[in-house]
Amino acid sequence: MAAEITTAATSAPLGADRLMSREFATLMVTASVFFLATGAVNALLPKFVVDELGGTEATAGFVMGSAAFSALATRIWFGRTADRRGARRILVLGAGLGAVAFVLLAAASTVAGAVAARLVLGASGAAMVTGATMLGIQLAPPARRSQAVALVLVSFHAGMGLGPTFAEWLLNLRSYAWVWTVAAGFSVASGGLAMLLSFRPGDPNAEPSPMIHRNALLPGVVTLFGVFAFNGFMTFLPLYAREVGMSDAGLAFLVASATMVLIRTALGRVPDVVGPIRAGSGALVLTVGAMIVVALWATPTGVVVGAALVAAGLSLQSPSFIAIAVDGVSDRERGSAMATFTAFYDVAGAVVGPMLGLIVTNAGYRPAFLTTAVLAAVGLIILHLVVAPRWSAAS
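Since we're looking at a predicted model, the values are computed, not measured. (Residues numbered from 1 in each chain as written. Predicted model: local features only at pLDDT ≥ 70, side-chain atom pairs only at ≥ 80, totals over all residues. Heavy atoms only, no water.)

(A) Layout of the overall build of the protein. When helices and strands are tallied, the protein shows 13 helices and zero strands. Going residue by residue from the N terminus, the α and β elements of the protein occur as α-α-α-α-α-α-α-α-α-α-α-α-α. Counting only residues that meet the buried cut, the protein has 60% of its 395 residues in that class. Within the protein, contacts between residues at least 6 apart in sequence are counted, and of these 87% link residues at least 24 apart. Accessible surface for the protein amounts to roughly 14,200 Å². Of this, 67% is attributable to carbon and sulfur atoms. (Helix = DSSP H or I, 4+ residues; strand = E, 2+ residues; numbered from the N terminus. Buried < 20%, exposed > 50% of the residue type's maximum accessible area, 1.4 Å probe, protein only. Contact = heavy atoms within 4.5 Å. Areas by Shrake-Rupley, 256 points an atom, 1.4 Å probe, with all protein chains shown as cover.)

(B) Layout of helix H6 (residues 176-194). The end-to-end C-alpha separation of H6 is 27 Å, in line with the 27 Å expected for 19 residues at 1.5 Å each. Of all the positions in H6, only Tyr176, Val179, Trp180, Val182, Ala183, Ala184, Ser187, Ser190, Gly191 and Ala194 are classed as buried. (Expected span 1.5 Å × (residues − 1).)

(C) Seen up close, the side chain of serine 155. On the secondary structure map, serine 155 appears in helix H5 (residues 145-173). For serine 155, a relative accessible area of 2% translates into the label buried. A polar atom in the side chain of serine 155 sits 2.4 Å from the backbone oxygen of valine 152. Setting aside its immediate chain neighbours within four residues, serine 155 contacts Met28, Ala31 and Ser32. (Polar contact = N/O pair within 3.5 Å; in protein donor to acceptor, adjacent residues only side chain to side chain.)

(D) A look at the nonpolar core. Membership of the largest hydrophobic core comes to 90 residues, with the highest contact counts inside it found for Leu45, Trp180, Phe233, Leu237, Met291, Val303 and Phe369. A total of 14 residues in this core trace back to one element, the largest contributor, which is helix H7 (residues 217-243). One finds Phe35, Leu135, Val152 and Phe156 within the second-largest nonpolar core, a separate group that totals 29 residues. (Core = buried A, V, L, I, M, F, W, Y, C linked by side-chain atoms within 4.5 Å.)

(E) Representation of the confidence of the model for the protein within the structure. When pLDDT is averaged across the protein, the result is 80; 88% of the residues are at 70 or more. Mean pLDDT in the protein bottoms out at helix H9 (residues 270-274), which sits at 76, and peaks at H6, which reaches 90. For residues 1-15, every residue scores under 50 in pLDDT, and the model assigns this stretch 70 contacts once sequence neighbours within four places are set aside. (pLDDT = per-residue confidence, 0-100.)

(F) Just a nonpolar patch on the surface, in detail. Together, Ile381, Leu385 and Val386 make up an exposed nonpolar region whose accessible area comes to about 280 Å². By secondary structure assignment, the location of valine 386 is in helix H13 (residues 365-394). (Patch = residues over 30% accessible without salt bridge, like charges linked within 9 Å, V, L, I, M, F, W, Y side chains within 5 Å. Salt bridge = Lys/Arg side-chain N within 4 Å of Asp/Glu carboxyl O.)

(G) Region of interest: helix H2 (residues 57-85). In this model, H2 (29 residues) spans 41 Å end to end at C-alpha, consistent with the 42 Å of a helix rising 1.5 Å per residue. The principal kink in H2, of about 35°, is found at threonine 74. Of the residues trailing H2, glycine 86 is marked for its positive phi of about 105°. (Bend = angle between axes of the 7 residues up to and from the residue.)

(H) Summary view of the packing of aromatic side chains. For the structure on display, the rule yields 14 aromatic pairs. Seen in terms of ring centroids, phenylalanine 34 and phenylalanine 35 are 5.0 Å apart; in terms of plane orientation they differ by 85°. Their pairing is edge-to-face. An identical accessibility class is assigned to phenylalanine 34 and phenylalanine 35; each is buried. Seen from their ring centres, tyrosine 240 and phenylalanine 369 are 5.0 Å apart, and the 75° between their planes marks the pair as edge-to-face. A residue pair is termed long-range when its members are at least 10 positions apart, and tyrosine 240 in helix H7 and phenylalanine 369 in helix H13 qualify at 129 residues. On the basis of relative accessible area, tyrosine 240 is assigned to the buried category, the value being 3%. One aromatic cluster in this structure is built from Phe233, Tyr240, Tyr365 and Phe369. The residue whose ring lies beneath arginine 174 is tryptophan 178, and the NZ or CZ to ring-centre distance is 4.2 Å. (Phe/Tyr/Trp six-rings, centres within 6.5 Å; stacked < 30°, edge-to-face > 60°. Lys NZ or Arg CZ within 6 Å of the ring centre and 35° of its normal.)

(I) A look at the environment of glutamine 138. Turning to its location among the elements, glutamine 138 is positioned in helix H4 (residues 111-139). Given a relative accessible area of 11%, glutamine 138 falls into the buried group. For the pair glutamine 138 and alanine 148, spaced ten residues apart in sequence, the C-alpha separation works out to 9.4 Å.

(J) Quick peek at the packing of H7 against helix H10 (residues 276-296). Across the interface, H7 lies against H10 with an axial gap of 11 Å and an inter-helix angle of 30°. Looking at the two axes, H7 sits roughly parallel to H10. Crossing of H7 over H10 shows left-handed handedness. Along its contact with H7, which presents Val222, Gly226, Ala229, Phe233 and Tyr240, the element H10 presents Leu284, Thr287, Met291 and Val294. Split by residue class, the contact of H7 with H10 holds seven nonpolar, two polar and no charged. (Axes fitted to C-alpha atoms, helices over the stretch in contact; angles between N-to-C directions. Parallel < 35°, antiparallel > 145°, perpendicular 65-115°, else oblique. Left-handed = near helix turned anticlockwise from the far one by under 90°. Nonpolar A, V, L, I, M, F, W, Y, C, P; charged D, E, K, R; others polar.)

Here it is, written out as structure tokens:
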């Protein structure tokens, strides 16, 4: 979720061109440590639900998707609180909630217990994403904000990529409960790192920012359709990998995250250079192709190639559409706009797990993945028929 913001106002303390600083690096490490824990849990939880708790693929999809409901319910509050109280407070709160979620999961022996843990983890992730992206924007010069938040996202996916491999290694040594407990420790460490960040309070006496920011609605709708593919693939990757003969999904998760790190590091300014409509269009076309590959090339090689392609599509989707969502938004309302936009990720997460779980249970993986390709194509149509004309008129 990267952002290009063309407002004249800025709270960035850095020089006109400098982006990387000790504080920015600390922010990236904070996010990476938290999402390493999250990635470890996401990689093992579907198998845990099926193998240990006696659930089906549909049950696993519901458990994974349940986090999106709590994220959606809390994200707007986190955004408004960050606007008024500062992003660091939200980061510390998110890390604390993550630790609670992982402890709950370690104690879970039923599907209901796993759902409860995922609900807390959903709120935790919403706080971390909202706080980290907002602080990344604050720390960046105006001309490099798209690149800044792209780098924050790199830290997310670096952690998410290492987490599954680490989790599989740890599971082979000990148990699921041990993985969840170690994840709690990483979350606590992330909160400690967040405390090292400078406190940048907003104005608690200012008029509250909007609950739902209108500027973010249309790009959010496009994102809703575009992100179905990535969310669906990653949700069912642990089970699908086993279906096609892979011993575990760690390699595919690592390839996806490495692809995101590479593209967002090397091409983070693409939306700034070619424009967010053009960059977003290419990303959606790539996403459609990726899911067709995943659906039709049902082999270990196809899974790994598909993971790289779908990650490449998301890598350019997020910077492009956030650029539209926050363009022209004032500093005082930036958290609200970011929260509104990223809430569409929560909606996608809430829907895609149960929806694809039912399709997989009744028809198989191929129809499920082709469905996400169709939805990404719908997003492309909305982008060109609705969003692009309004963007051009406003520019």
